[in-house]
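Each chain, letter by letter, is given below.
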Amino acid sequence: MFNTLYEWFWWDRIWLPRNLTWADLEDKDGRVYAKASHLYVTVPYALAFLLIRYMFERWIATPVAVSVGIKQKVHLKVEDNPILEVYYTTRYRNPAQADIAGLSKKSSLSVRQVERWFRRRRSQDRPGVLKKFREASWRFVFYMFAFIGGIAALYDKEWFYDTREVWTGFPKQSMLESQYWYYILEMSFYGSLLFSVAFDVKRKDFKEQIIHHLATLVLLSFSWCVNYIRIGTLVMLVHDTSDVLLESAKLFNYAKSEKICQTLFIIFAIVFMVTRLIIFPFWLIHCTWVYPVHHYPAFFGYYFFNVMLVILLCLHIFWAYLILRMIKKFLIGSLKGDERSDNEEEEEEEDGSTATEDESEEQHKTGNGLAVDEKEDKNGCFGCLSPPENICRSKTVC
C-alpha cells in the first residue's frame, strides 16, 4: 500500500512535462540537479536557526533594545481563581457583560473585580515591546543577509534581466552552488518560523501568515523538485526586498523614533506595491504562466505551481489593503496602531496606569473609568507596526 502511494505521488506525469522522466534529471554530462532528498537537510537547519535566533535575541537584540530605552515590563499577576481561569482558558479571553455578571456571582467577586481580573490575565499573556523588538531584529538581520545574498547570486545571470531566459534549456538546467544555498537557507528559515509559531507574537492575520508560510514551503519544495529553481530565486528576491524595509520600520517604531519609522514605512509601502503587486504578477507570474507552454505542453505541475502563486498574490492584495488603510489614517492624522495588531500594548499600558485607580475606585465604590479600547496607543506613530509580517513575510516560491 505504502509503495503504491509512493509511486503514485512521484508519478512523472504529475511533476514533469510530457516525454520527460526523473531519469532526465539525474546528474550527468557535467550537470547537477536538485533532488527531493536534499530537502531533508532543511529540518536540522531549521532547528539550528531556532538556536541561533535564541542566542541572537538574548545576547544581541536584548542589549540593543535596552540601549534605546526598551525594557521588559513586569505585569501584575492575578490572584488564583479557578472559576475565572477555567472560563478564560476554555471559553473567552474577553467575556461579554452578561457573562461577567454571571461570573461575579459564581466567584463571589464584584463585577469591577472580575473585569480587572480578566484585564490583568490578558496582560499576563500579552507580549511586550521588548519581545516584539527582538523578533523584528532577528527577521531584519535574516532578510537583510538574504537580500544581499540573492543579489550576489543573481546579478550576473541572464534570467535576472530577461525572464524569458528562465526557461531556456529547461529542465536540463544545472543547479549552481549559490542557488542551492539560497534555497536551503530560505526554506530552513521558513521552517523555523513554523516551529516557533507557538511562542511568537500572534496578530490578527495569524491565519494568513500560517497559510503564507505553508504555501511558501510547498512552492519552494515543488520548484526545487521539478527544477523551477531559476524562477524560485527570482520570487524569493522580490519578496526579500520589502521585508527588509518592513522589519527596519518596526524596529524604529518600537524604539519610538517616529520620523524615521514613518519614512521607512512609506518607502516600504511603495516598494511593497511595486514588487508584490506589479513585478510579482506582471513579470513573474506572467513568466510562469505564458512562457513555459512555448517549451512544453501544460501539465498538472504547471497548473499547480501557478495556482499557488495566485494564492500568494491574493495574500499580497489583502496585506496591501491593510497598508493602504494605515497610510490613509497616517495622512489624516488618526493612525494609532497597526491594522494587523491586536492593540496589545494599548491594553498593557492601560493595565499598568490604571491598576491603582481601579483599586481606589473599588474602595470608594465608584463605577467609572476608561475602557481599555478608549486608551490611545502610546507606542509610537504606528503602535504595534507590522503590516504583513513579510508582509508577506513571504516568499513563496514564495
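Read on for a plain summary of the structure. (Residues numbered from 1 in each chain as written. Predicted model: local features only at pLDDT ≥ 70, side-chain atom pairs only at ≥ 80, totals over all residues. Heavy atoms only, no water.)

Time to look at the pattern of salt bridges. Here the structure, examined in full by the defined rule, presents 13 salt bridges. Notably, a salt bridge pairs Asp27 with Lys35, separated by 2.8 Å at the nearest N-O pair. Residue classification places Asp27 among the partly exposed residues on the basis of a relative accessible area of 42%. One salt bridge connects Glu135 with Arg139, and the closest N-O pair in it is separated by 3.6 Å. Highlighted residues: Glu135 and Arg139, both in helix α7 (residues 129-154), separated by four residues, approximately one helical turn. (Salt bridge = Lys/Arg side-chain N within 4 Å of Asp/Glu carboxyl O. Buried < 20%, exposed > 50% of the residue type's maximum accessible area, 1.4 Å probe, protein only. Helix = DSSP H or I, 4+ residues; strand = E, 2+ residues; numbered from the N terminus.)

At a minimum axis distance of 9 Å, the contact between helix α5 (residues 97-107) and helix α6 (residues 111-125) shows a crossing angle of 105°. When the interaxial angle is binned, α5 and α6 end up roughly perpendicular. Contacts from Gln97, Ile100, Leu103, Ser104 and Ser107 in α5 reach Val111, Val114, Glu115 and Phe118 in α6. Grouping the amino acids of the contact of α5 with α6 by side-chain chemistry returns five nonpolar, three polar and one charged. (Axes fitted to C-alpha atoms, helices over the stretch in contact; angles between N-to-C directions. Parallel < 35°, antiparallel > 145°, perpendicular 65-115°, else oblique. Contact = heavy atoms within 4.5 Å. Nonpolar A, V, L, I, M, F, W, Y, C, P; charged D, E, K, R; others polar.)

Of all hydrophobic cores here, the largest spans 76 residues; its most connected members are Trp167, Phe189, Trp224, Tyr228, Ile231, Phe280 and Ile323. For this core, the elements supplying multiple residues, two or more each, are α2 (12-15), α3 (42-67), α7, α9 (177-195), α10 (206-225), α11 (229-254), α12 (258-289) and α13 (300-331). At 13 residues, the largest contribution of residues to this core is made by α13. (Core = buried A, V, L, I, M, F, W, Y, C linked by side-chain atoms within 4.5 Å.)

Attention now moves to α5. Those residues of α5 not exposed but buried are Ile100, Leu103, Ser104 and Ser107. Taken end-on, α5 shows its buried residues confined to a sector of 110°, consistent with a single buried face. In α5, the exposed residues that point more than 90 degrees away from the buried face are Ala98, Lys105 and Lys106. Where α5 is buried, its residues contact α4 (82-90) and α6. Looking at the residues trailing α5, positive phi occurs at Ser108, about 65°. (Arc of directions from axis to C-beta.)

In this structure, the second largest pocket spans a volume of roughly 600 Å³. For the second largest pocket, the lining is made up of 22 residues, of which Trp10, Lys35, Ala36, Ser37 and Cys225 are closest to its centre. Residue composition of the lining of the second largest pocket, by class: 15 nonpolar, five polar and two charged. (1 Å grid on protein atoms, 1.4 Å probe; cavity = no way out; pocket = protein on both sides within 12 Å on 5 of 7 lines; lining within 4 Å. Points joined across faces, edges and corners; volume = space filled by probe spheres on them.)

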